[in-house]
Every structure is written in C-alpha cells, then in structure tokens.
Amino acid sequence: MVTTQKNIFIFFMVLISALLLIPDTIYGDNGKKEALIQAPPPPFSEDIFPCTECHSEMEPNPERRVLEDMHDDIILKHDEKNRWCLDCHDLKNRDKLHLANGKLIDFTESYKLCGQCHGPKLREWKNGVHGKRTGYWNGKKKYLLCAHCHNPHSPKFKKMKPDPAPDDPMKGRK
Amino acid sequence: MRWKVTFINFIKESIRVILKGNKWYYTWISSLLVLIVWGGLGYFEQLKNGLIVTNMSDSISWGFYIGNFTFLVGVAAAAILLVIPAYIYHWKPIKEITIFGELLAVSAVIMALGFVIADMGGPDRLWHMIPVVGLLNFPDSLLAWDSIVLSLYFLLNFVVVTYLLYMHFIKKEYNKKIFDKLILFSIPMAISIHTVTAFLFNGIAARSYWNSALLAPKFIASAFCSGPAVLLILFQILKKTTKFDIKKEAIWKIAELMAYSMFLYLFLFFSEIFKEVYSGTHHLVHLKYLFLGVKGHTDLVIYAWASIIFSIVAFLLFLIPKTRMNVVTLNIGAVLIYIGVYIEKGIALIIPGFSPDSLGQLHIYKPSMIEIRTSVMIFSLGFLLFTFMSKIAVEIIFEDLNINKLRSKSHS
Amino acid sequence: MNMSNNKIKEKKESRRTFLKKTALASTFATLAACGSDTSWDEFFQKNFKTLENDDKNKIIERLEKKYTEKYGKKFTVSGKDPIDDTLFGYGLDISRCIGCRKCVYACVEENNQSRDPQIHWITVLEMAKDKGVDLFHSNSDYDRELVPDDDHFYFPVACQQCENPPCTKVCPVEATWKEKDGIVVVDYNWCIGCRLCMAACPYGARHFNWSEPDIPKDEVNPETHYYGNRPRYKGVVEKCTFCVQRVREGLYPSCVEICPVGARKFGNLLDPDSEIRYILKHKRVLVLKEELNTQPKFYYFY
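Residues numbered from 1 in each chain as written. Chains lettered and ligands numbered in written order. Predicted model: local features only at pLDDT ≥ 70, side-chain atom pairs only at ≥ 80, totals over all residues.

1. Notes on the overall build of chain A
Part 1 of the argument: When you go through chain A residue by residue, the secondary structure sums to five helices and six strands.
Part 2 of the argument: Along chain A, from the amino end to the carboxyl end, the secondary structure elements read α-β-β-α-β-β-α-α-β-β-α.
Part 3 of the argument: Pairs at least 24 residues apart make up 49% of the contacts formed inside chain A by residues separated by at least 6 positions. (Helix = DSSP H or I, 4+ residues; strand = E, 2+ residues; numbered from the N terminus. Contact = placed C-beta atoms within 7 Å.)

What follows is the structure in structure tokens.
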C-alpha cells in the first residue's frame, strides 16, 4: 500500500477503536448524545457478584417461594404481592437481569429494568432532573444508577438524621 | 482684613462664653462630659469587636441606632418648620425663634449623623460615599439622597445661624435679601430630609410594615408635633431666665398648630391600622406583634400602647383651649407627645418591620448595654453642642454681647 | 496694631497646626481601632468593578499573599469574569428535599463561612403539609431525630439571584451589583456595612459579619474568587454567590453536588438543552414572593 493509503487506513482503524471504547452513553430526551462517565459500579453486597460462581452449579428452581437457604437477609418490599426475585433476575443466567420481553441486560444497565415500570422517572433521570449528578454543568457529568440510591429490593428512601439546626443568633450576646 | 479679626473675636468670645457660667451650668456640662466619656468607652468596645456587641442580628439588622436616627431627623426637620407660622403670624421675636430653631436643627442633624456612623459596619469606609473619590449610588439609593440632603441641611442651617449671630455680634443688619430667602429655603429642605428618610423605609417592598404610602406624610406629621415640643419648653425657660420676649399667645399658637399636626398624625395612624386590620392579610402580623404580641412574645406591647395613649392624651390637652393655655398641662402634653413620637419613630417603627423576618421567623430585640452607652454618648454630645450654641446665642441676643463692648474694653 | 496682628497670626498658626495634628492623630487612632491590619493600599482601594485589569491583578496578588500568610495554605484568588452567553439558573425539587441540611454545611465549608459567630448562607425551612408554602408558619430551627417528617416538607432558601434585585438598587456605594452571568455579588473591600441591602432583601439571604469571622485553619478552602468565597472581614455583608469560584470554571455549586437526593439542579438558562431549561419546560415551577417582582433565578419545582 502507498504511504497515504496506509495512513488513511490507520486513521480509520484508530477512529473505529476509539468509537468502540467510548464509555456508556445515554440519550437525552431530544436524542442528543451526552458523554457521561458512570460513577461507581453497581452497589453489590460484598463478594456476592459474580452470581454464577454459585449458581452455575445449582439446579434453577422457578417455583415462587420464600428463600431459606441463602439470600434470606433480603426483605422484598417492592410490589412483593405480585412479584418475586425471578421477575427481575434471570432464571438461567444469574449474572444478568431480564426485561419483560426476556432480553438480558447487565447490572450496569439496571436502569432499563427499573424504567419499564417507572417510565417518567427514567425519562427524568436521563435528562438529569431526577437523581444526583456531579461534575460540570457545561461538560462531563457523573450520574448514579437507580440502585445507588434506591435499594431495588426495598426502594423507599430511608429517613436520616438531619445536620444540626442553626445557632440562636443571640448566642453569646449579652 | 478687618472682618477676619472681628470673626476671630466672635469665635474667641463664643469660647469664652461657653467656658463661663454659674454652678448649674458647670454641673450640667460636667455631667454631660462624664456621660460622653462613659458612652465613648462603650463605643470603643464596638469599634474593637464589631457590631456583635449590639443585640442586632441578621434578622433584626437595624435597631436602637437607626431608631434614634429616624427620630432625630424628625426633630431636625420640625425645628425649622416652626419658622413657617412665625412668618405667617408675624410673631415679634421671629428672628430669635428662627435662630433657636436652627440651633436645634443643627444639633439634631449632628446627632442623627452620629447615629448613622455608630451603626456602620465599617465607619472608616464612609469615604466610599463621597462622589468622585468614592462611588455614590445616586439617584438609585435613598441613602445616597439622605446623605446629600442631610449634609446640605446641616450646612444651610449652620451657615445661616452663624451668620445671623455674627451680624448680631457686630451690630450690623444682616443681608435680608439673601438670608431671608435662605431661611425660607430651609423649609422645603426640612420637609425633604424627613421625606427622604421616610422613603428610605417605605421604598423597601420586602418589609410590608414599612411599605405604606402613608409613611412619609405620617413622618412629617409626627415630626411637627414632636420637634416644636422641645422649643416650646425651651422658649418658656428662656422667657423666664432671659430677656426673650415671646408672647404667651405665640406659645399657645405653637401649641394649637401642634394640635392640628397631632390630629393629622393620629388620623394617618388610624388609617394604617384600619387598612391592615380590615384587609386582614399576612402583613397584619407585624401590627399584631406590636400591639398584641405574637406566639407569646409581648415585649413591644407596652411601648406601643404607651405611645398611642400618650399621643392621644397630648392631642386632647393641646386641643382643648383651657388645657392648652394652662402652663402645667401644656408642658405635660409637650413631654407626652415627645415620648409618644420617640417610641413611634424608634422601637415601634424599626422592630416590627424586621420581626417576623423575611422568612417568617419571629425574633426579639432589646438594645444591649453598648448600644445604650453609645446612644448616651451621642445624645450627650448633641445636648452639649446645643447648650454651648444656645448659651452663645443667649449672650449675643439677650445679654447684648457685641464687638463694641470688646472694643471699649480694649480702649479703656 | 502690627504687633497685635502678628500675635494673632502666630496664634492662628499654632492653632492650625494643633488642629491638624489632633485631626491626624484621631484619624489614625480610629483606624487603628477599626482595622489594625489594614495597609494603606487596602484602605484606599476603589470599587473593584471600576478598576482596570492591572489594578485588579495587583489587588488579587496582595490578597493571595495576605490569606496565604494568615491561614498557612497556598491561597488562590480568582478574578475570573463571567463566561459569555451564560445566565445561571437554579432548580430546587421540593418533592425531593428531605431537610437533611447537608447543603447548608457543604456550603459553609466550600465558602469559608464564619463558624463563630455562625453564618449559614442556606436556611432550610420546615413547612407543614396542611399549611403549604406559608413562611410565617414555617420553622428554620427544626431539630428532629429523622427527616423527612411525615407531616412536613422542606424548603431551602438562599440568595435567589434575582434578575430585578431589590438589594442592589439601595446600596449607597454600589458595593453590590448583578454580574453579566446573573450572579449578584458583593465587593467585600468596598461594602461600608450600612445593611440597607439586608433590610431590602425579601428572602433573608444576606448575612452580616457582626464580628471578625472565624474559620478554622484546617478547614479553610484556599481556592477562592474575589467575589465569592474568599475570607471576609468584620463589618461587611456576604451571601450565596452560586459558588462563583466553581461555576465560572464549569463546576456545579457545592450544594448541588452534596445533595443526597438530587433535589438541586443548576445550569445555564441560555442553553436550551440544559437541565434547568428542561425543568422550566416540563415541571410545575414557582418562585418565592412572586408579587414583589424580583424575578428570582432560583426556581422551586415539583
């Protein structure tokens, strides 16, 4: 190949690799792409992931029941009358979650699962109006997954102790 | 030049006059000096540690100092307003009335400016308000207007009264053409200083208690019934102790005009009460705090009621001819209206404006010891100044101190 | 005659010098009492916005040196101008705020507010659900075990950065004004401490240094802006500046970043794709004391 052709080829290879390596992108409501950096990884309990370490050996049991041998520390308070674990966790591949249409997704994209029922929230989260974002108002922002603030098994936001009230303005005066 | 020498003699004689006096005079002056020193040490604490030595806070950011300032601007304005009836009714000692009115105005303006300086967070930065050298936000800021009109008013009165006394001293007729006009000009100036001070408050939309169109007329009306009260008492004293020949009828006329002013003041006050009570909006809470107390805090109630009751009683005393012409009830009325307006322009104006605050939180305020000491210092300085200037005026006008007496002394 | 004239002249001279000396002495005494560490340059410094860049840089250098000496940390004082085509807007989601006050204390740290006496630029009001947005029945010093309380909602208030600010027009020396990017700032070296702006503010957003501010040396934030979080002086007014030292570098204000529930949103009102514009378009938005026509750029929404 001639040098210029070679250079053009290298350029395009580099470009394609770069495009492939761009971190997770999220589309805003108007279709505009915003380059974002995912903040922390999904908030797994210690040593619980990858799930297949245990579950690849086990016989999957699709029967709805109260778990006794393991994961009995999880209290499900998320429409538990109508749903249970395997409505979100995939039966065959425990390292993945599944959508209503059966499509498998990573834990890093769990928002797609939440968004099936919580559509308006997902839309607002994508637009940056729901949930915390840090970084640059005119540049790169860090976002958080739904699971970082809302425990998917018991999503209601826990109350917390407030920081101290302001001092009495007359404190220390005579 | 000759006039320089005579003017220096005028100053020298004035200093001699104020250094000489009877035992009452010395007692009075020494007490004032003691109070000034005591107050001054308190003010020094404030300069050192900042305004934290007061009881003001972010919510109640103005207090005793600004209350006194507002009241004194009223006194300064009203002292001159007496000149109007003096001219209309052709009162005999009109020049003397004018002079004492102006002396009171000068002292009151100095005290008012003293309170402004005492209230500043950075008094060493006051030069920022001087145009060209600093940056004066004229015409947007009412405080800029106030600094200009108060300075002009002070200059005007000080120049006029010094000139009149000096002319008296050198036994020459004063330049009627210029100075009569200046004296008349001081009347709209007097109205302007108090109107500008009122606008300072009522232009602030954030404080619904002040944001009333009636505030400026109410200020003028209450000033006119409180300022002359001081002169009323002073003239009676002068009539008894010097050759000051003011007719009883003139004194009664002053009192009668004050009565009409009191009526206007009470009417405006009642109008404000009606509007707030009948409309019954959230803004009523400030008046409620003042007159009835709110959330258990009733610290202002007694002062509010005292003010209005004193004012009504004074109004009646001045209105009814029998009590107006009786020397005891006349003076009781003068004192009552003075106290009534002092409360109305002081504590009853400032505190309810700030409490409940912009975010609806209720706060209490009571002047701290340092605030009281600083205020005592400023009032004492003003009284001292007024005493000195009045003594000089009395010597020159009534005891006939003049340049000829000096010349005859030096020749003998 | 000549002799007495000379005597008078002498007396005049001595009187004049005496008066001059007394005046100078008393000025210095007062100055000494007011601010003993005020240099000549600092005392005569003019209003910052009227200065040329050279003078501004000199002042900034002097301040950096002074702060570095005082706090023992390398201080930077930025004089950064507003970014072009920017008008900052703020959104506060009152359906999310839980009243934890983390924003209050994040602001205190970021903006070098005095700890004693305590200054908070943000006031969080606890409001009763059955009374709604009613300031008189709100409470700024709630002290609960857990928030949010079931019968209350929370309403943080700081400077609303009004488009028609009632505070800037009353300042007698123009020590406070609205910048091009919409932030209302204070020149701490020009403010005379008359507190007329505090009386004029309908939102209780302005705070005064009633005494020398006290910032612990180990907690001081040395990255500052001249109009923002640089340490202030006794006797001057201060308030929220939308973290001017951060936002002019493109960062979010500290309160936005610390809020654990993401109730605080910030952006450029002139950018149609910003978060704040989305809020204005799709949410129910209200401003405080709208009838005063202050046109706040702090939008509460739900």
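2. Section: the overall build of chain B
Part 1 of the argument: The number of helices and strands found in chain B is 16 helices and zero strands.
Part 2 of the argument: Overall, chain B is about 75 × 55 × 40 Å in size when its C-alpha atoms are taken along their principal axes.
Part 3 of the argument: Taken across its 412 residues, chain B has 46% of its residues classed as buried.
Part 4 of the argument: By sequence separation, contacts in chain B at least 24 residues apart represent 78% of the contacts at least 6 residues apart. (Buried ≥ 20, exposed ≤ 12 C-beta atoms within 10 Å, placed from the backbone.)

3. Here's the deal with the interface of chain B and chain C
Part 1 of the argument: Facing the 44 residues of chain B at the interface are 46 residues of chain C.
Part 2 of the argument: Of all elements in the fold, only α1 (2–19), α2 (23–49) and α6 (142–169) of chain B reach the threshold of two or more residues within the side of chain B that touches chain C.
Part 3 of the argument: Considered class by class, the residues forming the side of chain B that touches chain C number 22 nonpolar, 15 polar and seven charged. (Nonpolar A, V, L, I, M, F, W, Y, C, P; charged D, E, K, R; others polar.)

4. Considerations on the interface of chain C and chain A
Part 1 of the argument: At the junction of the two partners, chain C supplies 34 residues and chain A supplies 23 residues.
Part 2 of the argument: Among the elements of the structure, α4 (102–110), β10 (264–268) and α8 (275–282) of chain C are those that each provide at least two residues to the side of chain C that touches chain A.
Part 3 of the argument: Ranked by residue count, the leading element in the side of chain C that touches chain A is β10 of chain C, at four residues.
Part 4 of the argument: Of the residues contributing to the side of chain C that touches chain A, the split by class is 16 nonpolar, eight polar and 10 charged.

5. With respect to the sheet that holds strand β2 (residues 88–93) of chain C
Residues and elements named next belong to chain C.
Part 1 of the argument: The four strands lie next to each other as β10-β2-β12-β11, forming an open sheet whose pairing is mixed. Among the strands making up the open sheet, the edge pair consists of β10 and β11 (285–286).
Part 2 of the argument: Against the sheet, α8 engages β2, β10, β11 and β12 (298–301), with an angle of about 110 degrees to β10. (Pairing = 2+ DSSP bridges. Axes fitted to C-alpha atoms, helices over the stretch in contact; angles between N-to-C directions.)

6. Section: the packing of helix α3 (residues 64–81) of chain B against helix α5 (residues 94–119) of chain B
Residues and elements named next belong to chain B.
Part 1 of the argument: As a packed pair, α3 and α5 sit with axes 8 Å apart at the nearest point and diverge in direction by 160 degrees. As the angle between them shows, α3 and α5 are arranged roughly antiparallel. When you trace α3 past α5, the crossing you get is left-handed. In this structure, α3 uses Y65, I66, N68, F69, L72, V73, V75, A76, A79 and I80 to contact α5, whose residues at the interface are G101, E102, L104, A105, A108, V109, M111, A112, F115, V116, A118 and D119.
Part 2 of the argument: Here the residues of the contact of α3 with α5 are counted per class, giving 18 nonpolar, two polar and two charged. (Parallel < 35°, antiparallel > 145°, perpendicular 65-115°, else oblique. Left-handed = near helix turned anticlockwise from the far one by under 90°.)

7. Details of the packing of α3 of chain B against helix α7 (residues 176–202) of chain B
Residue and element names in this part refer to chain B.
Part 1 of the argument: With their axes 8 Å apart at the nearest point, α3 and α7 run at an angle of 160 degrees to one another. With respect to their mutual orientation, α3 and α7 come out roughly antiparallel. As α3 runs across α7, the sense of the crossing is left-handed. On α7, the residues touching T70, V73, G74, A76, A77, I80 and L81 of α3 are S186, I187, A190, I191, I193, H194 and T197.
Part 2 of the argument: The class makeup of the residues in the contact of α3 with α7 is nine nonpolar, five polar and no charged.

8. Some points on the environment of G63 of chain B
Residue and element names in this part refer to chain B.
Part 1 of the argument: Examined against the element boundaries, G63 turns out to sit in the loop between α2 and α3.
Part 2 of the argument: By the C-beta count within 10 Å, which is 24 here, G63 ends up buried.
Part 3 of the argument: In sequence terms G63 and L164 are 101 residues apart; their C-alpha atoms lie 38 Å from each other.

9. Quick notes on unusual backbone geometry
Part 1 of the argument: Geometrically, the link from F138 of chain B to P139 of chain B is a cis peptide bond, its omega value of 5 degrees lying close to zero.
Part 2 of the argument: With respect to the element layout, P139 of chain B can be found in the loop between α5 and α6.
Part 3 of the argument: Cis rather than trans, the peptide bond between S355 of chain B and P356 of chain B has omega equal to 0 degrees.
Part 4 of the argument: As for its position among the elements, P356 of chain B is in the loop between α14 (347–354) and α15 (369–397).
Part 5 of the argument: The phi angle at R195 of chain C is positive, at roughly 65 degrees, despite the residue not being glycine.
Part 6 of the argument: Accessibility expressed as a C-beta count within 10 Å gives 22 for R195 of chain C, which makes it buried.
Part 7 of the argument: Unusually for a residue other than glycine, C243 of chain C sits at a positive phi of about 50 degrees.

10. A short note on the nonpolar core
Part 1 of the argument: Membership of the largest hydrophobic core comes to 203 residues, with the highest contact counts inside it found for L72, A76, A79, A108, A112 and I337 of chain B.
Part 2 of the argument: Discounting residues that sit within four places of it in the chain, L72 of chain B has contacts with A108, M111, A112 and F115 of chain B.
Part 3 of the argument: Core analysis: the next-biggest nonpolar cluster, separate from the first, contains seven residues, C114, W125, L145 and C146 of chain A among them. (Core = buried A, V, L, I, M, F, W, Y, C linked by C-beta atoms within 7 Å.)

11. So, the environment of K171 of chain A
All names here are of chain A.
Part 1 of the argument: You can see K171 is positioned in the segment after α5 (146–149).
Part 2 of the argument: Residue K171 is classed as exposed on the basis of its C-beta count, with 11 C-beta atoms lying within 10 Å.
Part 3 of the argument: It is 78 Å that separates the C-alpha atoms of K171 and T4, two residues lying 167 residues apart in sequence.

12. With respect to the pairing of strand β4 (residues 152–157) of chain C
All names here are of chain C.
Part 1 of the argument: Among the six residues that make up β4, six are buried, leaving the element largely enclosed by the rest of the structure.
Part 2 of the argument: The side-chain alternation of β4 yields two buried faces, one formed by H152, Y154 and P156 and the other by F153, F155 and V157.
Part 3 of the argument: One ladder, built from six bridges, connects strand β3 (residues 123–128) with β4; its direction is antiparallel. The residue of β4 that forms the bridge with A128 is H152.

13. Observations regarding the confidence of the model for chain B
Part 1 of the argument: Here chain B averages 90 in pLDDT, while 98% of its residues score no lower than 70.
Part 2 of the argument: Both confidence scores are given for the complex: pTM 0.88, ipTM 0.90. (pLDDT = per-residue confidence, 0-100.)

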